[in-house]
Protein chains: 2
Amino acid sequence: MKRRQTLIFKNRPYISGAYAIGGLREGEGPLGKWLDSSLKDDSYGEATWEKSESRMLKTAIKSAVRRGGKREDEIGAMLSGDLLNQLMSSSFMARDLHIPFLGMYGACSTMTEALILGAVLVDGKYSDNVVTGASSHYCTAERQFRMPLEHGNQRPPSAQMTATAAGAMLISSEAEPAKSQTDEAGRLVDLKRVRVESGTIGKVIDPGVKDANQMGSAMAPAAVDTILNHLEDTGRGMDYYDAVMTGDLGFIGREIVEAFLEDAGVERSVIERVYDDCGAMIYAPDREKNSGGSGCGCSASVFCGYLYKNMKTGKIRRALIISTGALLSTISPMQGESIPGIAHAVSLEAE
Amino acid sequence: MKRRQTLIFKNRPYISGAYAIGGLREGEGPLGKWLDSSLKDDSYGEATWEKSESRMLKTAIKSAVRRGGKREDEIGAMLSGDLLNQLMSSSFMARDLHIPFLGMYGACSTMTEALILGAVLVDGKYSDNVVTGASSHYCTAERQFRMPLEHGNQRPPSAQMTATAAGAMLISSEAEPAKSQTDEAGRLVDLKRVRVESGTIGKVIDPGVKDANQMGSAMAPAAVDTILNHLEDTGRGMDYYDAVMTGDLGFIGREIVEAFLEDAGVERSVIERVYDDCGAMIYAPDREKNSGGSGCGCSASVFCGYLYKNMKTGKIRRALIISTGALLSTISPMQGESIPGIAHAVSLEAE
């Protein structure tokens, strides 16, 4: 019997609150209007970039809890992570909140990793409220993985920009109170509730890519493997979903996923209708400058901002979100190692 | 109502297999005989220390799965972590195994963090078999957090030695087959089964220590907070347990925990009878050289070796294990930050 990688949530916990925050570039980007807030200055008033990132994550986590109508002392656990060595953004954020803390590391796959385990804690009745989050910051990631910004080095067109962004979701056993909202045409619309239906834990897949400026290629096979395992485990076709969104493959990785899915028998028209990638959506296409966004905060902010809001208004009913991670370390490329990829999927439903 | 930090496992999953591996120094130490294997050469035949650590962790994980009588393709999830930037040991270990992977970061608290979430996955019937593990290596940690070994720098007596060690436990919904074993007196003894009864998720507590050579002091308050919350949540006294073991506080941290517990009303005689610290047990006391062991592999190898084997033979019936983590990063001390501490507790029963 084939091992299932997908966990089904019988009680389908609610995403009762969410918050997305972005930096200056993200606020000005195509999805900027879906952010709950964006920075006018990416330092966020802090003395170090690491503290700026940590503060963004704290804002997202605290705001998601508040939007879900909960107090910090009602939260049973906080699951979060980031790209920094030893999860500095998350650890220092957690220091300021008195919430039991579980640190996650899945590189840019962290948001869905935290969502799966958070949903397990609520669905299994271990906790009534769990908050999950992830962050990244261009200025912390550049100096940690590549070069200090002051160096002003050039980047090849295949390189992605680490998003300055964070997102957080509150997962609850009970639905939040009913709310309505005026839509663009001035009509009053009842907001849907978003529930976590299932999650698929990914395996590490290393296609042998050694170039840290080719992250999309390194992560795409893991994303495809997780999507196909999810569909096989649940007996669904890709057209079951209104939206299938990978985390941060960027323009190059998105093309690879599309080609692989087509090879696996998914119709081109379905791929074109439902599939997209947060890394390819977050910035205006400018392939001279970069190949799209990356970083834990990329998919976290797109899922908590654009996707969540479109599910609340009912424009997207069923979504499969797949954050994708490149599990290289600060020293593994220097030791000649290739880049292992991973991707975890979460199925969300609006009703 | 006070928020509970403790999760009760109704189905009490089984630790159906465990494996502890140590380096040369650990093999020669007071607990060496409880290790399942120890290295003759800490490089483990690999070209970099990071690969040596990763290989130790892979040995522990694969052996725990085999000892539990399972194949890799029967394992629903693997939860592991280490101290290295971006969990290099775990990520590269996971690349070689085809098991869905969830990376954990809790510094040296990782073993119990992984055990709690692994037990939740099995107890909640999301998976029948989950493997958990953690590792550390003196040579990777020294160069990452302090100085390259070649530098030959001096260490103050309060500094702890990062253990070269790894441990792994297989958590299963069903008990392993009954086994017996000849004890030291030559008698045939039926081996007990070890079950996970509950877990307590810790909060981040930062006592303001800024000296990275004073890890025990930085982590001790978090350990005490988690122990006291566990006892309050479960309505137990510390004498409920035959053994209460913290992760890697070393000699100084152990003294602080003892004093804090006594302040909290625990009788000195109970503390002396049941409490100890893996970091203070793993090496022969030599306070001129160091203040005991540390690192994720310290508590992982002591729990998977010494403790697990003594539970299997029934010498220890009830144990509370508390891995403790210092959430500093490679750059946070250079930015003048103090060291946040965290600790997660797991209650084990032999029956």
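Since this is a predicted model, take the numbers as computed values, not measurements. (Residues numbered from 1 in each chain as written. Chains lettered and ligands numbered in written order. Predicted model: local features only at pLDDT ≥ 70, side-chain atom pairs only at ≥ 80, totals over all residues. Heavy atoms only, no water.)

(A) Region of the structure containing the interface of chain A and chain B. Each side of the interface is counted separately: chain A has 58 residues, and chain B has 58 residues. Regarding the contact of chain A and chain B, the summed buried area is about 4,800 Å², with carbon and sulfur atoms giving 61% of it. Taken as a group, Arg 3, Gln 86 and Tyr 126 of chain A account for 17% of the area that chain A buries against chain B, more than any other trio of residues on that side. For the interface between chain A and chain B, the tally reads six salt bridges. Between Arg 95 of chain B and Asp 206 of chain A there is a salt bridge; the shortest N-O distance is 2.7 Å. On inspection of chain A and its partner chain B, the count reaches 38 residue pairs in polar contact (both at pLDDT 80 or more). Of all elements in the fold, only β1 (6–8), α2 (49–67), α3 (88–96), β5 (101–103), α4 (110–123), α5 (138–145) and β16 (341–350) of chain A reach the threshold of two or more residues within the side of chain A that touches chain B. Class assignment of the residues belonging to the side of chain A that touches chain B gives a composition of 29 nonpolar, 17 polar and twelve charged. (Contact = heavy atoms within 4.5 Å. Buried area = accessible area lost by both parts, 1.4 Å probe. Salt bridge = Lys/Arg side-chain N within 4 Å of Asp/Glu carboxyl O. Polar contact = N/O pair within 3.5 Å; in protein donor to acceptor, adjacent residues only side chain to side chain. Helix = DSSP H or I, 4+ residues; strand = E, 2+ residues; numbered from the N terminus. Nonpolar A, V, L, I, M, F, W, Y, C, P; charged D, E, K, R; others polar.)

(B) Examining the nonpolar core more closely. Counting 168 residues, the largest nonpolar core has Leu 121 of chain A together with Leu 121 of chain B as its most contacted members. Not counting chain neighbours up to four residues away, the residues in contact with Leu 121 of chain A comprise Ala 77, Leu 79, Leu 102, Tyr 126, Ser 127 and Val 130 of chain A together with Leu 7, Leu 117 and Val 120 of chain B. (Core = buried A, V, L, I, M, F, W, Y, C linked by side-chain atoms within 4.5 Å. Buried < 20%, exposed > 50% of the residue type's maximum accessible area, 1.4 Å probe, protein only.)

(C) View of the packing of α2 of chain A against α5 of chain A. All names here are of chain A. The interhelical angle for the contact between α2 and α5, taken along N-to-C directions, is 135°, at an axis separation of 8 Å. Here α2 is positioned oblique relative to α5, judged by the angle of their axes. Relative to α5, the crossing made by α2 is left-handed. Within the contact between the two elements, α2 uses Trp 49, Glu 50 and Glu 53 and α5 uses Cys 139, Thr 140 and Arg 143. Tallied by class, the residues present in the contact of α2 with α5 amount to two nonpolar, one polar and three charged. (Axes fitted to C-alpha atoms, helices over the stretch in contact; angles between N-to-C directions. Parallel < 35°, antiparallel > 145°, perpendicular 65-115°, else oblique. Left-handed = near helix turned anticlockwise from the far one by under 90°.)

(D) Representation of the pattern of salt bridges within the structure. Counted by the stated rule, this structure contains 48 salt bridges over all chains. Glu 337 of chain A serves as the salt-bridge partner of Arg 95 of chain B, at 2.9 Å between the closest nitrogen and oxygen. With Arg 95 of chain B in helix α3 (residues 88–96) and Glu 337 of chain A in the loop between β15 (318–326) and β16, the pair connects residues from two separate chains. A relative accessible area of 10% places Glu 337 of chain A in the buried class. Salt-bridge contacts for Glu 272 of chain B lead to Arg 268 of chain B; the nearest nitrogen and oxygen are separated by 3.4 Å. Residue Glu 272 of chain B and its partner Arg 268 of chain B are both found in helix α8 (residues 268–274); the two are separated by four residues, about one turn of the helix. The network of salt bridges with common partners includes Arg 12, Arg 195, Glu 349 and Glu 351 of chain A.

(E) Structural detail: the pairing of β15 of chain A. Residue and element names in this part refer to chain A. With eight of nine residues buried, β15 is to be regarded as a mostly interior element. When strand β12 (residues 243–246) meets β15, the two strands line up parallel, connected through four bridges. Bridging across to β15, Ala 243 finds its partner in Ala 319. Of the pairings in the sheet, the one linking β15 to β16 comprises nine bridges and is antiparallel in character. Considered in β16, the bridge of Thr 324 is made with Ala 343. (Pairing = 2+ DSSP bridges.)

(F) Representation of the side chain of Thr 234 of chain B. Residues and elements named next belong to chain B. You can see Thr 234 is positioned in helix α6 (residues 215–234). We classify Thr 234 as buried; its relative accessible area is 19%. Of the polar contacts made by the side chain of Thr 234, one reaches the backbone oxygen of Leu 231; its length is 3.4 Å. For Thr 234, the contacting residues outside a window of four places in its chain are Thr 6 and Ile 8.

(G) Fine view of helix α7 (residues 250–263) of chain A. Residues and elements named next belong to chain A. Under the 1.5 Å per step criterion, the end-to-end length of α7 is 20 Å for 14 residues, consistent within 8% with the ideal 20 Å. On the buried face of α7, the contacting elements are α6 (215–234), α8 (268–274), β13 (275–277), α9 (278–281) and β14 (293–294). Backbone geometry just downstream of α7 places Gly 265 in the positive-phi region, at approximately 105°. (Expected span 1.5 Å × (residues − 1).)

(H) Region of the structure containing the packing of α4 of chain A against helix α10 (residues 296–312) of chain A. Residue and element names in this part refer to chain A. Their axes nearest at 8 Å, the elements α4 and α10 cross at an angle of 60°. By the criterion of interaxial angle, the relationship of α4 to α10 is oblique. Judged by residue contacts, Thr 110, Met 111 and Thr 112 of α4 engage Cys 296, Ser 299, Ala 300, Phe 303 and Cys 304 from α10. Classifying every residue of the contact of α4 with α10 by side-chain character gives five nonpolar, three polar and no charged.

(I) Main features of the packing of aromatic side chains. Scanning the model with the defined rule gives six aromatic pairs over all chains in all. Judged by centre distance (4.9 Å) and plane angle (80°), the rings of Tyr 240 of chain B and Tyr 241 of chain B are edge-to-face. Residue Tyr 240 of chain B is classed as partly exposed on the basis of its relative accessible area, which comes to 21%. Directly above the ring of Tyr 126 of chain B sits Lys 10 of chain A, whose terminal nitrogen or CZ lies 5.8 Å from the centroid. (Phe/Tyr/Trp six-rings, centres within 6.5 Å; stacked < 30°, edge-to-face > 60°. Lys NZ or Arg CZ within 6 Å of the ring centre and 35° of its normal.)

(J) Examining α10 of chain A more closely. Residues and elements named next belong to chain A. Spanning 17 residues, α10 covers 23 Å between terminal C-alpha atoms, matching the ideal 24 Å at 1.5 Å per step. For α10, the principal kink sits at Phe 303 and spans about 35°. The element α10 is extensively covered by neighbouring structure, given that 15 of its 17 residues are classed as buried. Positive backbone phi, approximately 85°, marks Gly 314, located one or two places after α10. (Bend = angle between axes of the 7 residues up to and from the residue.)

(K) Up close: unusual backbone geometry. Even without being a glycine, Leu 87 of chain A presents a positive backbone phi close to 50°. When you line up the elements, Leu 87 of chain A lands in the loop between β4 (77–82) and α3. On the basis of relative accessible area, Leu 87 of chain A is assigned to the buried category, the value being 1%. The phi dihedral of Ala 107 of chain B is positive, around 50°, even though this residue is not glycine. Mapped onto the elements of the fold, Ala 107 of chain B is located in the loop between β5 (101–103) and α4 (110–123).

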